Amino acid sequence: MAFESDFQEFLTTAITHEPYSGQDGFGMPNFKSGVSYSARVMLVRDGSRDARSVDAVNVSKVWLNTTTAFSIRDRLTLPSAFTPTQPPILSAGVVYDASGPHHTVILCGYGRR
């Protein structure tokens, strides 16, 4: 269980996840109530692309203590130390270990190369 306690210590901040629930009559997105998760957020630059295959350069990588499914349409609120605090989600996926689903990793960000 040493890995589990080390992983928990790695998650030093919190983020808020608001699942996409549809759009209003003007095409603006609507979101469900937010849920907070323990997280680790780091600024990285790794050649990620957004949903339109545009290169993204201001990319944050977020590790979460959940196996909840995330969509690129969802809204993620990062701590105030990160700008912007609500970047678009580029990709999200659950990480598995020998026991099954373990945690979620999200890439989010803006920009072009």
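Please read all numbers here as calculations on a predicted model, not as lab measurements.

Caption draft 1: Region of the structure containing the pattern of salt bridges. One pass over the full model with this rule turns up 1 salt bridge. When the shortest N-O distance is used, the salt bridge between R75 and E18 registers 3.0 Å. Of this pair, R75 sits in strand β6 (residues 75-77) while E18 sits in strand β1 (residues 13-18), and the two are 57 residues apart along the sequence.

Caption draft 2: Seen up close, the environment of A39. Relative to the assigned elements, A39 resides in strand β4 (residues 35-44). A relative accessible area of 0% places A39 in the buried class. Other than its neighbours up to four places away in sequence, A39 contacts L11, T12, T13, A14, I15, V62, W63 and L64.

Caption draft 3: Quick look at the packing of aromatic side chains. In total, this model carries 3 aromatic pairs according to the counting rule given. Ring geometry for F10 versus W63: centroids 5.3 Å apart, planes at 75°, classification edge-to-face. Within this pair, whereas F10 is found in helix α1 (residues 2-10), its partner W63 is found in strand β5 (residues 58-64), the two being separated by 53 residues in sequence. Among the residues examined, F10 registers a relative accessible area of 28% and is labelled partly exposed. Judged by relative accessible area, W63 falls into the buried class, the value being 16%.

Caption draft 4: Focus on the nonpolar core. The biggest cluster of nonpolar side chains holds 12 residues, and these are I15, Y37, A39, V41, V62, L64, F70, L76, L78, I89, I106 and C108. Sorting the residues of this core by element identifies β4, β5 and β8 (100-110) as the ones contributing at least two each. The leading source of residues in this core is β4, at 3 residues. Those residues in contact with V62 that sit more than four places away from it in its chain are I15, A39, R40, V41, L76, L78, T104, V105, I106 and C108.

Caption draft 5: Geometry of the environment of T67. With respect to the secondary-structure elements, T67 resides in the loop between β5 and β6. Excluding its chain neighbours within four sequence positions, the residues that come into contact with T67 are V94, P101, H102, H103 and T104.

Caption draft 6: Just the side chain of S60, in detail. Relative to the helices and strands, S60 is located in strand β5. Among all residues touching S60, those that are not within four sequence positions of it are V41, M42, L43, V44, L78, F82, I106, L107 and C108.

Caption draft 7: Spatial organisation of the pairing of strand β2 (residues 20-23). Across 3 bridges, β2 lies against strand β3 (residues 29-31) in antiparallel orientation. Bridged to G22 within β3 is N30. Counting the residues between successive antiparallel strands, the hairpin from β2 to β3 contains 5 residues, one of them, G27, with a positive phi of roughly 85°.

Caption draft 8: Inspection of the side chain of E18 at higher detail. Classification of E18 by relative accessible area gives buried; the value is 14%. Excluding its chain neighbours within four sequence positions, the residues that come into contact with E18 are F31, K32, S33, G34, D74, R75, T77 and Q86.

Caption draft 9: Summary view of the confidence of the model for the chain. For the chain, the mean per-residue pLDDT works out to 85, and 82% of the residues sit at or above 70. Per-element averaging of pLDDT across the chain places α1 at the bottom with 70 and β3 at the top with 97.

Basis of the calculations
- Residues numbered from 1 in each chain as written.
- Predicted model: local features only at pLDDT ≥ 70, side-chain atom pairs only at ≥ 80, totals over all residues.
- Heavy atoms only, no water.
- Salt bridge = Lys/Arg side-chain N within 4 Å of Asp/Glu carboxyl O.
- Helix = DSSP H or I, 4+ residues; strand = E, 2+ residues; numbered from the N terminus.
- Buried < 20%, exposed > 50% of the residue type's maximum accessible area, 1.4 Å probe, protein only.
- Contact = heavy atoms within 4.5 Å.
- Phe/Tyr/Trp six-rings, centres within 6.5 Å; stacked < 30°, edge-to-face > 60°.
- Core = buried A, V, L, I, M, F, W, Y, C linked by side-chain atoms within 4.5 Å.
- Pairing = 2+ DSSP bridges.
- pLDDT = per-residue confidence, 0-100.

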